[in-house]
Amino acid sequence: MYNELPADEQHEIEEALLHDPELAMACADLLLAQRALDHLARAPRPACTAAILQYSRTFMR
């Protein structure tokens, strides 16, 4: 998913995906879910950010 594995381990996973259709299907499902979740990233409302910043200014006074 993130290409964080060493090359030899990456190759082993690719081989496993080629020879195990169930694993390949599960991996494809996870990649689709990841892509869908990446598009759902949201930012807080400005009012929430302002409230948190205001609270941090008065915390422990």
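In the block above lies the structure referred to throughout.
Here is a short report on the structure shown in this document. Counting restarts for each chain, with residues numbered from 1 along the sequence as it is written. For this predicted model, a pLDDT threshold of at least 70 governs which residues receive local features, and a threshold of 80 or more governs which side-chain atom pairs are given and counted, while totals over whole chains, interfaces and linings are taken from all residues. Derived side-chain values reflect all non-hydrogen atoms in the structure, with water molecules and hydrogen atoms excluded from consideration.

### Points about the overall build of the protein chain
Then comes step 1: Broken down by element type, the protein chain carries three helices and zero strands.
Then comes step 2: Strands here mean DSSP runs of E at least two residues long; helices mean DSSP runs of H or I at least four residues long; both are numbered from the N terminus. Start at the N end of the protein chain and walk to the C end: the helices and strands fall as α-α-α.
Then comes step 3: Restricting the calculation to C-alpha atoms gives the radius of gyration, and the globule rule supplies 2.2 Å times the number of residues raised to the power 0.38. Relative to the 2.2 N^0.38 estimate, which gives 10 Å for 61 residues, the radius of gyration of the protein chain is 21 Å and therefore markedly larger than a compact globule would have.
Then comes step 4: Overall, the C-alpha framework of the protein chain stretches about 60 × 25 × 15 Å when taken along its three principal axes.
Then comes step 5: Under the scheme applied here, a residue whose accessible area is under 20% of the maximum for its type counts as buried, over 50% as exposed, and between as partly exposed, the area being computed with a 1.4 Å probe on protein chains only. A burial count over the protein chain gives 2% of its 61 residues as buried.
Then comes step 6: A total accessible area of about 5,800 Å² is found for the protein chain, and carbon and sulfur atoms account for 64% of it.
Then comes step 7: Under this rule, positive means Lys or Arg and negative means Asp or Glu; His and the chain ends count for nothing. Note that the charge is assigned to NZ on lysines, CZ on arginines, CG on aspartates and CD on glutamates. Here the protein chain holds 5 positive side-chain charges and 10 negative ones, and the gap between their average locations is 35 Å. Each accessible area value is a Shrake-Rupley result obtained with a 1.4 Å probe; residue values ignore everything except the protein chains displayed when judging cover.

### Observations regarding the packing of aromatic side chains
Then comes step 1: Between 30 and 60 degrees the pair is tilted, below 30 it is stacked and above 60 it is edge-to-face, where a pair is any two Phe, Tyr or Trp rings, Trp via its six-membered ring, whose centres lie within 6.5 Å. Scanning the model with the defined rule gives one aromatic pair in all.
Then comes step 2: Taken together, a centroid distance of 5.5 Å and an interplanar angle of 45° make the contact between Y55 and F59 tilted.
Then comes step 3: Overall, the relative accessible area of 51% leaves Y55 in the exposed class.
Then comes step 4: Note on F59: relative accessible area 47%, which makes it partly exposed.

### Describing the packing of helix α1 (residues 7-19) against helix α2 (residues 21-38)
Then comes step 1: Lines fitted to C-alpha atoms define the axes, with helix axes restricted to the stretch in contact, and inter-axis angles between N-to-C directions lie between 0 and 180 degrees. Running from N to C, α1 and α2 point in directions that differ by 110°, and their axes come no closer than 5 Å. On the basis of the axis angle, α1 is roughly perpendicular to α2. The residues of α2 that touch α1, namely those facing A16, L17 and H19, are P21, L23, A24 and C27.
Then comes step 2: For the contact of α1 with α2, the per-class residue count stands at six nonpolar, one polar and no charged. If an angle is under 35 degrees, it is roughly parallel; if it is over 145, roughly antiparallel; if it lies from 65 to 115, roughly perpendicular; otherwise it is oblique. Note on contacts: a residue pair is in contact if any heavy atoms of the two residues lie within 4.5 Å. The classification used treats Ala, Val, Leu, Ile, Met, Phe, Trp, Tyr, Cys and Pro as nonpolar, Asp, Glu, Lys and Arg as charged, and all other residues, Gly among them, as polar.

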